[in-house]
Amino acid sequence: MQKMKRKIGEGDTPSPKKKKVLLTEGVKENKSETSEKKIKKPKNEEPKKNLKDASKKDFKNSPKKDFKGPKKDFKGPTKDFKGPKKDFKKGKPGDKFNKFGKGKGNFAKGADKKFGKDQNSGEKPKWSEMKKEKKQLRLVRRKAKTSAEVFEVANKAKLLAAQIQRKVVKPDFRLSACKELHTLLKGQYKAIALTHDLSRVIQVLLKHSAEDIRNEITEELLDLMVPMVQSKYGQHAVKRILKYGSDSIRHKVINKFFGHIVSLATHTVSAPVLDYAYGEFATKKEKEHMQQEFYGDIYKNTKDNKVHTLSDTYKDSPEMKTAILQSCQANIQKILNKNLHDGELLHSVLYDYIRECSDEERTELVTTLAPLIVPLSNSLPGANAASICVWQGSNKDKKTILKVVKEHAVALAKHKSGYRLLLAIFDAVDDTVLVRKAIVSALEPHIHELAKDHWGNMTLHWLVKPKDPGAFHPSLIKFLEEGFQSGTSKKDAAIRVAELREAILPALVKDIGSDPEFWVSEKTIMLLAVAVLSIESKEDIVTGLADAICRPDWSVGDGLAIEDAGMHMCLKKLAALDQGKDGGTLGEAVCARLNEDTIKVWLPTNRGCFFLLKLIESNRPEVASKIKKKLKPHVELLKKQKTEGAKLLLQNVQSK
């Protein structure tokens with residue numbers, strides 16, 4: 001510091017570093033003139049002696065080459081600071097401020113109270129006041145756009161709607177508020193139906209108001225139904241009308257859609273609402289009328305009650321077939337181009353078209369639909385169309401389908417229509433190695449989950465015992481047989497079934513042996529166990545099932561399992577498997593575990609007697625005699641029963 005004093009005193013030219021220090025104190029330097037004589041001092045500049053008095057530490061820490069002027073965050077000389085400087089020097093609130101900067105939060109207790117009230121320079125804005133100001137500005141702008149009367153009505157309507165939606169509101173108050181709100185908006189619904197704020201008020205009324213108010217609102221909005229369903233905000237009101245309205249109102253809304261079905265189905269906003277109306281509320285006749293608009297413009301304004309499917313349109317005029325098919329294909333392609341392939345309406349039209357189009361068009365369509373096979377299976381007609389894709393597709397298409405299905409195998413198996421796609425794959429794809437890797441291996445870890453589910457159970461049942469008339473409806477079996485015959489599969493059906501069964505059967509047998517209680521807990525689960533045992537039966541598995549069956553407290557739901565109709569059918573089928581066996585039968589296992597308590601539970605029931613009778617009839621004479629021997633001490637109990645099963649069992653026990 002002394003060297004600095006001496007250099008400046010001797011009149012040497014100041015270095016650039018010193019010029020920059022002078023700039024921090026307010027000295028202005030002209031860049032075009034580098035001479036020391038042209039450096040001017042402002043009037044308020046402090047003498048250089050003040051710089052010399054500065055602390056050596058601060059001076060050394062100041063930037064030398066990169067410093068180009070005062071920092072942006074600097075807001076003026078320290079004399080403008082209104083805070084308590086003395087506290088900073090003493091280290092009381094200053095220390096707290098430093099701690100707060102490190103994240104310790106002590107500033108809020110001390111320094112915040114002192115600085116928050118004293119500083120009014122805007123360094124710490126009050127957000128609550130700013131929000132209020134913004135809200136007031138918003139209201140002013142809205143008032144400027146609309147008249148004062150309209151603004152007040154809209155504001156009051158929103159306040160009423162907010163009160164109506166509260167869960168703690170009493171029903172009487174809600175109904176009265178709905179009436180007041182309806183009176184306020186009556187005649188203005190068309191004007192507000194497409195707005196983002198007041199359209200929500202309409203939704204509130206449609207949900208909470210009485211039926212007569214709902215009907216009045218809907219009648220006023222019927223002419224605006226098509227623009228509403230295409231509106232980002234109005235579509236929700238249409239959904240509320242369909243959900244909470246009466247049947248007559250719903251059909252009026254659906255009738256307003258006629259003439260615009262194709263345009264609504266290709267619109268990203270209206271397509272889900274249209275499909276909701278089609279799938280949930282439309283009658284069979286209305287569904288057919290909706291589908292007709294896809295067949296051509298001739299059905300846009302007029303509907304034909306004789307046309308039920310696509311083939312009916314050209315039944316009397318074969319020359320129209322090509323034009324109608326081209327029109328239908330163009331409409332389908334419009335929807336597929338918009339990625340709106342989840343709708344049941346599209347699936348119905350697609351199923352009609354894929355059955356009637358030419359082989360070339362079908363091949364092209366199958367290639368297009370192969371990557372979309374999973375969303376296509378969300379509905380029954382869509383699953384049927386997906387099955388046709390499996391039957392008619394090339395080997396490349398089938399590989400694409402399996403690749404897509406692999407990630408959704410469990411979800412499809414548990415879906416009410418998706419499982420049909422898996423059955424079609426099991427029944428028609430020749431590459432069983434790929435099917436086992438893609439689907440069967442994905443199902444194997446979820447055996448319990450699938451067995452509990454109705455549709456998952458049917459998927460496993462088809463792998464074990466396909467086309468079982470005891471588990472599958474004849475119409476489903478017929479549908480799959482016809483599709484297989486029309487398909488491109490060349491492999492022998494028996495070989496395909498055996499190869500797929502080998503993939504799932506060991507896992508099922510192991511699970512039944514390890515957890516027999518689960519497999520006799522429900523009738524559908526037990527039916528699958530019977531199917532497995534009809535293919536492969538082991539003594540340890542039969543023994544485990546007998547232990548579960550012979551428990552006196554064996555029950556299903558709220559009643560005895562032995563008396564349940566579904567369980568009784570499964571027990572009779574299980575007992576019938578004993579016929580022709582030399583050992584390891586269910587009859588032997590049940591006879592060994594049939595105790596006094598179980599007999600007293602079974603004999604008073606009609607179905608319990610029939611089950612014992614079936615075991616006697618299905619087993620070898622020595623096993624049958626053992627069962628009779630256990631029942632003879634209870635002949636008096638059988639004589640007291642008046643059921644048909646008890647009478648037949650008594651005759652069999654008393655006979656030699």
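How each quantity is defined
- Residues numbered from 1 in each chain as written.
- Predicted model: local features only at pLDDT ≥ 70, side-chain atom pairs only at ≥ 80, totals over all residues.
- Heavy atoms only, no water.
- Helix = DSSP H or I, 4+ residues; strand = E, 2+ residues; numbered from the N terminus.
- Buried < 20%, exposed > 50% of the residue type's maximum accessible area, 1.4 Å probe, protein only.
- Contact = heavy atoms within 4.5 Å.
- Areas by Shrake-Rupley, 256 points an atom, 1.4 Å probe, with all protein chains shown as cover.
- Patch = residues over 30% accessible without salt bridge, like charges linked within 9 Å, V, L, I, M, F, W, Y side chains within 5 Å.
- Salt bridge = Lys/Arg side-chain N within 4 Å of Asp/Glu carboxyl O.
- Lys, Arg positive; Asp, Glu negative; His and termini not counted.
- Charge placed at Lys NZ, Arg CZ, Asp CG, Glu CD.
- Axes fitted to C-alpha atoms, helices over the stretch in contact; angles between N-to-C directions.
- Parallel < 35°, antiparallel > 145°, perpendicular 65-115°, else oblique.
- Left-handed = near helix turned anticlockwise from the far one by under 90°.
- Nonpolar A, V, L, I, M, F, W, Y, C, P; charged D, E, K, R; others polar.
- Phe/Tyr/Trp six-rings, centres within 6.5 Å; stacked < 30°, edge-to-face > 60°.
- Lys NZ or Arg CZ within 6 Å of the ring centre and 35° of its normal.
- Core = buried A, V, L, I, M, F, W, Y, C linked by side-chain atoms within 4.5 Å.
- Arc of directions from axis to C-beta.

**Examining the overall build of the chain**
Thought 1: Per the secondary structure count, the chain includes 42 helices and 2 strands.
Thought 2: Counting all 656 residues of the chain, 41% fall into the buried class.
Thought 3: Residue pairs at least 24 apart in sequence account for 67% of intrachain contacts in the chain once pairs closer than 6 positions are excluded.
Thought 4: Only carbon and sulfur atoms are counted for the fraction: they give 51% of the accessible area of the chain, which is about 37,600 Å².

**Some points on a positive patch on the surface**
Thought 1: Taken together, the side chains of Lys131, Lys134, Lys135, Arg138 and Arg141 define a basic patch exposed on the protein surface.
Thought 2: Relative to the helices and strands, Arg141 is located in helix H8 (residues 127–145).

**A closer look at the packing of helix H24 (residues 380–392) against helix H27 (residues 418–428)**
Thought 1: The N-to-C vectors of H24 and H27 enclose an angle of 20°; their axes lie 9 Å apart at closest approach. Relative to H27, H24 is oriented roughly parallel. Here H24 and H27 pass one another in a crossing that is right-handed. Taking contact as the criterion, the partners of Leu380, Ala383, Asn384, Ala386, Ser387, Val390 and Trp391 in H24 are, on H27, Arg420, Leu421, Ala424, Ile425 and Ala428.
Thought 2: Of the residues contributing to the contact of H24 with H27, the split by class is 9 nonpolar, 2 polar and 1 charged.

**Remarks on the packing of aromatic side chains**
Thought 1: Tallying each qualifying case throughout the model produces 6 aromatic pairs.
Thought 2: When the ring of Trp462 is compared with that of Phe472, the centres are 5.0 Å apart and the planes differ by 80°; the resulting orientation is edge-to-face. Remark: Phe472 occurs in the loop between helix H30 (454–464) and helix H31 (474–486) and Trp462 occurs in helix H30; sequence separation between them is 10 residues. Per residue, the accessibility class of Trp462 equals that of Phe472, and both read buried.
Thought 3: Here Trp602 and Phe611 contribute two aromatic rings whose centre-to-centre distance is 5.6 Å and whose plane-to-plane angle is 70°, an arrangement assigned as edge-to-face.
Thought 4: Sitting over the ring of Tyr278, Lys287 keeps its end group 5.4 Å from the ring centre.
Thought 5: A cation over an aromatic ring shows up here: Arg355 above the ring of Tyr351, its NZ or CZ 4.0 Å from the ring centre.

**Some points on the nonpolar core**
Thought 1: Counting 175 residues, the largest nonpolar core has Phe257, Ile425, Phe426, Ile439, Trp519 and Leu649 as the members making the most contacts within it.
Thought 2: Looking at this core, the element that brings in the most residues is helix H34 (residues 523–535), giving 9 residues.
Thought 3: Discounting residues that sit within four places of it in the chain, Leu649 has contacts with Leu603, Cys609, Leu612, Leu613, Ile616, Leu631 and Leu638.

**Side note on helix H28 (residues 432–443)**
Thought 1: For H28, every residue scored as buried is listed here: Thr432, Val435, Ala438, Ile439, Val440 and Leu443. Buried positions in H28, seen along its axis, are confined to an arc of 150° and lie on one side of it.
Thought 2: On the buried face of H28, the contacting elements are helix H25 (395–406), helix H26 (409–413), H27, helix H29 (447–452), H30 and helix H32 (493–514).

**A short note on unusual backbone geometry**
Thought 1: Positive phi, close to 60°, is recorded for Asn339, a residue that is not glycine.
Thought 2: Relative to the helices and strands, Asn339 is located in the loop between helix H20 (321–337) and helix H21 (344–356).
Thought 3: We classify Asn339 as exposed; its relative accessible area is 55%.
Thought 4: Phi at Lys467 is positive, roughly 60°, even though this residue is not glycine.

**Points about the environment of Lys190**
Thought 1: With respect to the helices and strands, Lys190 occurs in helix H11 (residues 189–192).
Thought 2: The sequence separation of Lys190 and Met225 amounts to 35 residues, and the corresponding C-alpha distance is 9.9 Å.
Thought 3: The contact partners of Lys190, leaving out residues within four places of it in the chain, are Glu220, Leu221, Asp223 and Leu224.

**Re the packing of helix H36 (residues 565–576) against helix H39 (residues 606–618)**
Thought 1: Following both chains from N to C, one finds H36 and H39 inclined at 10°, their axes separated by 9 Å at the closest point. By the criterion of interaxial angle, the relationship of H36 to H39 is roughly parallel. For the pair H36 and H39, contact is made by Ala565, His568, Leu571, Lys572, Ala575 and Ala576 and by Arg607, Phe610, Phe611, Lys614, Leu615 and Ser618, respectively.
Thought 2: Of the residues assigned to the contact of H36 with H39, the class counts are 7 nonpolar, 2 polar and 3 charged.

**Thoughts on the pattern of salt bridges**
Thought 1: Applying the stated criterion across every chain, the model contains 21 salt bridges.
Thought 2: Residue Glu216 pairs with Lys186 through a salt bridge whose shortest N-O separation is 3.7 Å. Of this pair, Glu216 sits in helix H13 (residues 211–221) while Lys186 sits in the loop between helix H10 (171–185) and H11, placing them 30 residues apart in sequence.
Thought 3: For Glu216, a relative accessible area of 35% puts it in the partly exposed group.
Thought 4: When salt bridges that share partners are traced, they join Lys190, Asp223 and Lys256 into one network.

**Quick word on the environment of Ser348**
Thought 1: In this fold, Ser348 is placed in helix H21.
Thought 2: Sequence separation of Ser348 and Pro381 is 33 residues, and the distance between their C-alpha atoms is 5.3 Å.
Thought 3: Contacts of Ser348, omitting those with residues within four sequence positions, involve Tyr278, Gln291 and Pro381.

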